[in-house]
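Now for the letters of each chain:
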Amino acid sequence: MATMDPRTEIREFLSSRRARIAPEQAGLPAYGGNRRVKGLRREEVALLAGVSVDYYVRMERGSLAGASDGVLDALASALQLDEAERDHLFHLARRSGTPSGPRRRGSALTVRSTLHQVLDAISGAPAWICNGRYDVLATNQLARALFSPVLADPRRPANTARFVYLESAAAREFFVDYDQIATDAAAKLRMEAGRNPHDEELIALVGELSTRSELFRQRWASQDVRLHRSGRKRVHHPIVGRLDLDVESLELPAEPGLHLTVYTAPAGTPTADNVALLASWAATRQTPATELEAGNG
(Lines give C-alpha, C1' and ligand atoms only; values in the text may rest on other atoms or scores of the structure.)
Protein backbone atom coordinates (compact mmCIF):
# COMPACT_ATOMS: atom_id res chain seq x y z
CA MET A 1 0.00 0.00 0.00
CA ALA A 2 1.78 3.15 -1.20
CA THR A 3 -0.57 5.69 0.38
CA MET A 4 -3.99 6.20 1.91
CA ASP A 5 -5.88 8.60 -0.33
CA PRO A 6 -8.33 10.71 1.73
CA ARG A 7 -10.79 11.03 -1.18
CA THR A 8 -10.93 7.27 -1.62
CA GLU A 9 -11.32 6.79 2.14
CA ILE A 10 -14.23 9.26 2.23
CA ARG A 11 -15.95 7.75 -0.80
CA GLU A 12 -15.72 4.18 0.46
CA PHE A 13 -16.66 5.06 4.03
CA LEU A 14 -19.77 7.09 3.14
CA SER A 15 -21.00 4.65 0.51
CA SER A 16 -20.55 1.70 2.88
CA ARG A 17 -22.48 3.45 5.67
CA ARG A 18 -25.27 4.40 3.27
CA ALA A 19 -25.54 0.86 1.96
CA ARG A 20 -26.28 -0.65 5.36
CA ILE A 21 -29.40 1.45 6.11
CA ALA A 22 -32.75 0.33 4.73
CA PRO A 23 -35.29 3.11 4.03
CA GLU A 24 -37.60 1.89 6.78
CA GLN A 25 -34.74 2.11 9.27
CA ALA A 26 -34.47 5.79 8.40
CA GLY A 27 -38.22 6.39 8.58
CA LEU A 28 -38.60 6.68 4.82
CA PRO A 29 -41.12 4.89 2.60
CA ALA A 30 -39.64 2.14 0.43
CA TYR A 31 -41.54 2.59 -2.82
CA GLY A 32 -41.64 -0.52 -5.00
CA GLY A 33 -39.77 -3.74 -4.51
CA ASN A 34 -37.08 -3.19 -7.13
CA ARG A 35 -34.54 -0.79 -5.64
CA ARG A 36 -31.37 -0.75 -7.69
CA VAL A 37 -29.13 0.21 -4.78
CA LYS A 38 -28.43 -1.49 -1.49
CA GLY A 39 -29.54 0.69 1.39
CA LEU A 40 -30.36 4.35 0.98
CA ARG A 41 -30.13 6.29 -2.24
CA ARG A 42 -27.93 9.38 -2.34
CA GLU A 43 -30.96 11.64 -2.62
CA GLU A 44 -32.44 10.03 0.49
CA VAL A 45 -29.28 10.71 2.49
CA ALA A 46 -29.34 14.30 1.24
CA LEU A 47 -32.96 14.66 2.36
CA LEU A 48 -32.21 13.25 5.81
CA ALA A 49 -29.12 15.46 6.21
CA GLY A 50 -30.88 18.60 4.97
CA VAL A 51 -28.45 19.29 2.12
CA SER A 52 -28.85 19.39 -1.64
CA VAL A 53 -28.41 16.21 -3.64
CA ASP A 54 -25.54 17.78 -5.60
CA TYR A 55 -23.77 18.70 -2.37
CA TYR A 56 -24.09 15.21 -0.94
CA VAL A 57 -22.91 13.64 -4.21
CA ARG A 58 -19.79 15.84 -4.05
CA MET A 59 -19.18 14.74 -0.47
CA GLU A 60 -19.56 11.07 -1.29
CA ARG A 61 -17.18 11.46 -4.21
CA GLY A 62 -14.52 12.37 -1.68
CA SER A 63 -14.80 16.08 -1.02
CA LEU A 64 -15.60 17.10 2.53
CA ALA A 65 -13.53 20.28 2.26
CA GLY A 66 -15.39 23.22 3.73
CA ALA A 67 -18.14 21.14 5.32
CA SER A 68 -19.17 22.78 8.60
CA ASP A 69 -19.46 20.90 11.86
CA GLY A 70 -23.23 21.33 11.56
CA VAL A 71 -23.31 19.66 8.16
CA LEU A 72 -21.07 16.84 9.37
CA ASP A 73 -23.29 16.32 12.42
CA ALA A 74 -26.37 16.22 10.19
CA LEU A 75 -24.66 13.73 7.88
CA ALA A 76 -23.64 11.58 10.85
CA SER A 77 -27.25 11.53 12.04
CA ALA A 78 -28.59 10.71 8.58
CA LEU A 79 -26.19 7.77 8.29
CA GLN A 80 -26.85 6.68 11.90
CA LEU A 81 -23.14 6.76 12.74
CA ASP A 82 -21.99 5.65 16.16
CA GLU A 83 -19.42 7.60 18.18
CA ALA A 84 -16.39 6.00 16.55
CA GLU A 85 -17.82 6.45 13.04
CA ARG A 86 -18.67 10.09 13.75
CA ASP A 87 -15.12 10.76 14.98
CA HIS A 88 -13.77 9.03 11.87
CA LEU A 89 -15.96 11.22 9.64
CA PHE A 90 -14.60 14.36 11.30
CA HIS A 91 -11.00 13.10 10.96
CA LEU A 92 -11.56 12.50 7.25
CA ALA A 93 -13.16 15.92 6.83
CA ARG A 94 -10.20 17.69 8.45
CA ARG A 95 -7.93 16.13 5.84
CA SER A 96 -10.22 16.64 2.85
CA GLY A 97 -8.99 19.16 0.33
CA THR A 98 -5.48 19.32 1.79
CA PRO A 99 -2.46 18.28 -0.24
CA SER A 100 -1.65 14.61 0.11
CA GLY A 101 1.77 15.42 1.49
CA PRO A 102 4.69 13.06 1.82
CA ARG A 103 4.60 9.91 3.86
CA ARG A 104 6.17 10.58 7.24
CA ARG A 105 7.52 8.52 10.05
CA GLY A 106 5.39 8.18 13.15
CA SER A 107 6.55 9.22 16.57
CA ALA A 108 9.68 7.65 18.03
CA LEU A 109 9.11 4.19 19.44
CA THR A 110 10.24 5.14 22.93
CA VAL A 111 8.40 5.68 26.21
CA ARG A 112 9.49 8.13 28.92
CA SER A 113 11.22 6.62 31.94
CA THR A 114 8.52 7.96 34.27
CA LEU A 115 5.90 5.96 32.36
CA HIS A 116 8.04 2.85 32.80
CA GLN A 117 7.98 3.63 36.52
CA VAL A 118 4.19 3.87 36.41
CA LEU A 119 3.98 0.47 34.73
CA ASP A 120 6.34 -1.10 37.25
CA ALA A 121 4.27 0.36 40.10
CA ILE A 122 1.24 -1.55 38.80
CA SER A 123 2.37 -4.82 40.33
CA GLY A 124 -0.94 -6.66 40.70
CA ALA A 125 -2.29 -6.37 37.16
CA PRO A 126 -0.91 -6.75 33.63
CA ALA A 127 -0.40 -3.32 32.04
CA TRP A 128 1.25 -2.07 28.88
CA ILE A 129 1.53 0.98 26.66
CA CYS A 130 0.70 0.74 22.96
CA ASN A 131 0.16 3.19 20.11
CA GLY A 132 -2.62 3.34 17.55
CA ARG A 133 -0.74 0.93 15.27
CA TYR A 134 -0.86 -1.78 17.97
CA ASP A 135 2.90 -1.54 18.58
CA VAL A 136 3.77 -2.72 22.10
CA LEU A 137 6.05 0.00 23.46
CA ALA A 138 6.35 -0.79 27.17
CA THR A 139 5.11 -3.48 29.55
CA ASN A 140 5.17 -4.40 33.20
CA GLN A 141 6.26 -7.85 34.33
CA LEU A 142 2.73 -9.28 34.45
CA ALA A 143 1.92 -8.05 30.94
CA ARG A 144 5.08 -9.74 29.64
CA ALA A 145 3.87 -12.94 31.24
CA LEU A 146 0.25 -12.59 30.10
CA PHE A 147 1.12 -11.77 26.50
CA SER A 148 4.07 -14.14 26.17
CA PRO A 149 2.55 -15.71 23.01
CA VAL A 150 2.27 -12.26 21.40
CA LEU A 151 5.82 -11.36 22.40
CA ALA A 152 7.32 -14.65 21.20
CA ASP A 153 8.00 -13.13 17.76
CA PRO A 154 11.50 -11.58 17.98
CA ARG A 155 10.51 -8.67 15.74
CA ARG A 156 10.43 -5.36 17.64
CA PRO A 157 8.33 -3.54 18.42
CA ALA A 158 5.96 -6.44 18.93
CA ASN A 159 2.64 -5.75 17.26
CA THR A 160 -0.63 -7.36 18.32
CA ALA A 161 -2.36 -6.81 14.97
CA ARG A 162 0.48 -8.64 13.25
CA PHE A 163 0.10 -11.48 15.78
CA VAL A 164 -3.67 -11.68 15.26
CA TYR A 165 -3.50 -11.84 11.47
CA LEU A 166 -0.12 -13.35 10.62
CA GLU A 167 0.15 -15.83 13.51
CA SER A 168 -3.50 -16.78 13.31
CA ALA A 169 -3.11 -20.36 14.57
CA ALA A 170 -1.42 -19.17 17.78
CA ALA A 171 -3.81 -16.23 18.05
CA ARG A 172 -6.88 -18.46 17.77
CA GLU A 173 -5.46 -20.61 20.54
CA PHE A 174 -4.75 -17.60 22.75
CA PHE A 175 -7.81 -15.38 22.21
CA VAL A 176 -11.09 -17.06 23.17
CA ASP A 177 -13.05 -14.55 21.05
CA TYR A 178 -10.65 -14.55 18.13
CA ASP A 179 -13.14 -13.44 15.45
CA GLN A 180 -14.16 -10.38 17.46
CA ILE A 181 -10.53 -9.57 18.27
CA ALA A 182 -9.68 -9.71 14.55
CA THR A 183 -12.63 -7.49 13.66
CA ASP A 184 -11.71 -4.93 16.32
CA ALA A 185 -8.03 -4.87 15.34
CA ALA A 186 -8.80 -3.96 11.72
CA ALA A 187 -11.41 -1.42 12.82
CA LYS A 188 -9.01 0.33 15.20
CA LEU A 189 -6.31 0.42 12.52
CA ARG A 190 -8.87 1.97 10.15
CA MET A 191 -9.62 4.59 12.81
CA GLU A 192 -5.91 5.32 13.15
CA ALA A 193 -5.59 5.66 9.37
CA GLY A 194 -8.26 8.37 9.45
CA ARG A 195 -6.25 10.27 12.04
CA ASN A 196 -2.82 9.77 10.47
CA PRO A 197 -3.17 8.89 6.77
CA HIS A 198 0.49 9.71 5.99
CA ASP A 199 2.09 7.69 8.81
CA GLU A 200 4.54 5.53 6.88
CA GLU A 201 4.76 2.83 9.59
CA LEU A 202 0.98 2.52 9.58
CA ILE A 203 0.88 2.41 5.78
CA ALA A 204 3.56 -0.30 5.80
CA LEU A 205 1.70 -2.33 8.43
CA VAL A 206 -1.62 -2.17 6.57
CA GLY A 207 0.18 -3.08 3.36
CA GLU A 208 1.89 -6.07 4.98
CA LEU A 209 -1.33 -7.34 6.53
CA SER A 210 -3.27 -6.81 3.30
CA THR A 211 -0.67 -8.74 1.31
CA ARG A 212 -0.37 -11.67 3.70
CA SER A 213 -3.86 -12.11 5.20
CA GLU A 214 -7.11 -12.68 3.33
CA LEU A 215 -9.00 -12.24 6.60
CA PHE A 216 -7.44 -8.83 7.13
CA ARG A 217 -8.36 -7.79 3.58
CA GLN A 218 -11.98 -8.72 4.28
CA ARG A 219 -12.09 -6.92 7.63
CA TRP A 220 -10.33 -3.83 6.23
CA ALA A 221 -12.73 -3.62 3.29
CA SER A 222 -15.70 -3.42 5.68
CA GLN A 223 -14.76 0.21 6.51
CA ASP A 224 -15.70 -0.40 10.15
CA VAL A 225 -14.02 1.71 12.85
CA ARG A 226 -13.66 1.30 16.62
CA LEU A 227 -12.44 3.38 19.53
CA HIS A 228 -9.96 2.15 22.13
CA ARG A 229 -12.26 1.64 25.10
CA SER A 230 -13.02 -0.46 28.15
CA GLY A 231 -14.26 -4.00 27.70
CA ARG A 232 -13.63 -7.65 28.38
CA LYS A 233 -10.83 -9.81 27.02
CA ARG A 234 -10.90 -13.59 27.36
CA VAL A 235 -7.67 -15.48 26.78
CA HIS A 236 -6.37 -18.99 27.25
CA HIS A 237 -2.89 -18.66 28.70
CA PRO A 238 -0.54 -21.60 28.04
CA ILE A 239 0.57 -21.72 31.70
CA VAL A 240 -2.42 -20.72 33.88
CA GLY A 241 -5.34 -21.43 31.56
CA ARG A 242 -8.49 -19.37 31.07
CA LEU A 243 -8.49 -15.69 32.09
CA ASP A 244 -11.58 -13.45 31.80
CA LEU A 245 -10.11 -9.97 32.18
CA ASP A 246 -11.68 -6.52 32.48
CA VAL A 247 -9.87 -4.03 30.26
CA GLU A 248 -9.41 -0.30 30.80
CA SER A 249 -7.66 1.63 28.02
CA LEU A 250 -6.62 5.14 29.00
CA GLU A 251 -5.30 7.84 26.68
CA LEU A 252 -2.12 9.54 27.85
CA PRO A 253 -2.70 13.29 27.32
CA ALA A 254 1.01 14.12 27.55
CA GLU A 255 1.81 11.48 24.92
CA PRO A 256 -0.73 11.89 22.07
CA GLY A 257 -1.53 8.61 20.38
CA LEU A 258 -0.40 6.38 23.24
CA HIS A 259 -2.71 4.31 25.44
CA LEU A 260 -2.11 2.72 28.83
CA THR A 261 -4.11 -0.51 29.05
CA VAL A 262 -4.64 -2.35 32.33
CA TYR A 263 -6.15 -5.84 32.73
CA THR A 264 -7.88 -6.70 36.02
CA ALA A 265 -10.27 -9.21 37.55
CA PRO A 266 -12.62 -8.98 40.57
CA ALA A 267 -11.13 -10.34 43.80
CA GLY A 268 -12.13 -13.88 44.67
CA THR A 269 -12.80 -14.99 41.08
CA PRO A 270 -10.99 -17.85 39.35
CA THR A 271 -9.37 -15.31 37.03
CA ALA A 272 -8.01 -13.30 39.97
CA ASP A 273 -6.53 -16.50 41.39
CA ASN A 274 -5.00 -17.34 38.02
CA VAL A 275 -3.54 -13.83 37.68
CA ALA A 276 -1.86 -14.34 41.08
CA LEU A 277 -0.54 -17.67 39.83
CA LEU A 278 0.69 -15.95 36.69
CA ALA A 279 2.51 -13.38 38.83
CA SER A 280 4.31 -16.17 40.69
CA TRP A 281 5.28 -17.80 37.41
CA ALA A 282 6.48 -14.46 36.02
CA ALA A 283 8.62 -13.83 39.11
CA THR A 284 10.54 -17.04 38.43
CA ARG A 285 11.30 -15.99 34.87
CA GLN A 286 12.39 -12.37 35.43
CA THR A 287 12.53 -11.61 31.70
CA PRO A 288 14.19 -8.20 31.28
CA ALA A 289 11.86 -5.58 29.85
CA THR A 290 14.57 -4.47 27.44
CA GLU A 291 14.33 -7.81 25.68
CA LEU A 292 10.64 -7.37 24.97
CA GLU A 293 10.10 -3.71 24.20
CA ALA A 294 10.94 -1.31 21.43
CA GLY A 295 14.26 0.39 21.20
CA ASN A 296 14.90 3.68 19.43
CA GLY A 297 14.08 2.41 15.97
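Residues numbered from 1 in each chain as written. Predicted model: local features only at pLDDT ≥ 70, side-chain atom pairs only at ≥ 80, totals over all residues. Heavy atoms only, no water.

Let us now look at the environment of E44. Examined against the element boundaries, E44 turns out to sit in helix α2 (residues 42-49). Residues E44 and R18, 26 residues apart in the sequence, show an inter-C-alpha distance of 9.5 Å. Look past the residues within four positions of E44 in its chain and what remains in contact with it is L28 and R35. (Helix = DSSP H or I, 4+ residues; strand = E, 2+ residues; numbered from the N terminus. Contact = heavy atoms within 4.5 Å.)

Okay, the sheet that holds strand β5 (residues 258-264) next. One open sheet accounts for five strands, arranged β2-β1-β5-β4-β3; its pairing is antiparallel. Here the strands that pair on one side only, and so sit at the sheet edges, are β2 (136-139) and β3 (231-237). In this sheet, adjacent strand axes meet at a mean angle of 30 degrees when their direction is disregarded. Bridging between strand β4 (residues 241-251) and β5 involves six bridges; their strand directions are antiparallel. When the bridges of β5 are listed, L250 appears paired with L260. (Pairing = 2+ DSSP bridges. Axes fitted to C-alpha atoms, helices over the stretch in contact; angles between N-to-C directions.)

Moving on: the pattern of salt bridges. Scanning all chains against the criterion turns up 22 salt bridges. Two residues, D224 and R17, come together in a salt bridge whose shortest N-O distance is 3.1 Å. Pair noted here: D224 is in the loop between α13 (214-221) and β3 and R17 is in helix α1 (residues 6-19), with a separation of 207 residues, a long-range link. Residue D224 is classed as partly exposed on the basis of its relative accessible area, which comes to 24%. The partner of R112 in a salt bridge is E255, with the nearest N and O atoms 2.4 Å apart. (Salt bridge = Lys/Arg side-chain N within 4 Å of Asp/Glu carboxyl O. Buried < 20%, exposed > 50% of the residue type's maximum accessible area, 1.4 Å probe, protein only.)

In this structure, L146, Y165, F175, L189, L209 and F216 are the most contacted members of the largest nonpolar core, which totals 45 residues. The element that contributes the greatest number of residues to this core is helix α11 (residues 178-195), accounting for seven residues. What F216 contacts, discounting residues up to four positions off in sequence, is Y165, A186, L189, V206, L209 and S210. One finds F13, L14, Y56 and L89 within the second-largest nonpolar core, a separate group that totals 26 residues. (Core = buried A, V, L, I, M, F, W, Y, C linked by side-chain atoms within 4.5 Å.)

α11 packs onto helix α5 (residues 83-95) with a crossing angle of 30 degrees between their chain directions and a minimal axis gap of 8 Å. Classed by the angle they form, the pair α5 and α11 counts as roughly parallel. Every pair of crossing elements has a handedness; the one defined by α5 and α11 is left-handed. Side by side, α5 and α11 meet where A84, D87, H88, H91, L92 and R95 of the first sit next to R190, M191, G194 and R195 of the second. The class makeup of the residues in the contact of α5 with α11 is three nonpolar, three polar and four charged. (Parallel < 35°, antiparallel > 145°, perpendicular 65-115°, else oblique. Left-handed = near helix turned anticlockwise from the far one by under 90°. Nonpolar A, V, L, I, M, F, W, Y, C, P; charged D, E, K, R; others polar.)

The next thing to look at is the packing of aromatic side chains. Scanning the model with the defined rule gives nine aromatic pairs in all. When the centroid spacing of 6.5 Å and the interplanar angle of 75 degrees are considered together, the rings of F163 and F174 count as edge-to-face. Remark: F174 occurs in helix α10 (residues 168-174) and F163 occurs in helix α9 (residues 160-166); sequence separation between them is eleven residues. The class for F163 is buried, based on a relative accessible area of 4%. Taken together, the ring pairs in this structure connect W128, F147, F163, F174, F175 and Y263 into an aromatic cluster. (Phe/Tyr/Trp six-rings, centres within 6.5 Å; stacked < 30°, edge-to-face > 60°.)

Most of β5 sits inside the fold, with six of its seven residues counted as buried. The pairing of strand β1 (residues 127-131) with β5 spans five bridges and is classified as antiparallel. Each residue of the ladder has a partner; that of I129, found in β5, is L260. The antiparallel pairing of β4 with β5 creates a hairpin that spans six residues between the two strands, and G257 there sits at a positive phi of about 95 degrees.

Let's shift gears to the environment of E60. For E60, the location among the structural elements is in helix α3 (residues 53-60). According to the relative accessible area criterion, E60 is buried, its value standing at 3%. The contacts of E60, once residues within four sequence positions are left out, are R11, L14, S15, R18 and R42. A distance of 2.8 Å separates the side chain of E60 from the side chain of R18, its partner in a polar contact. (Polar contact = N/O pair within 3.5 Å; in protein donor to acceptor, adjacent residues only side chain to side chain.)

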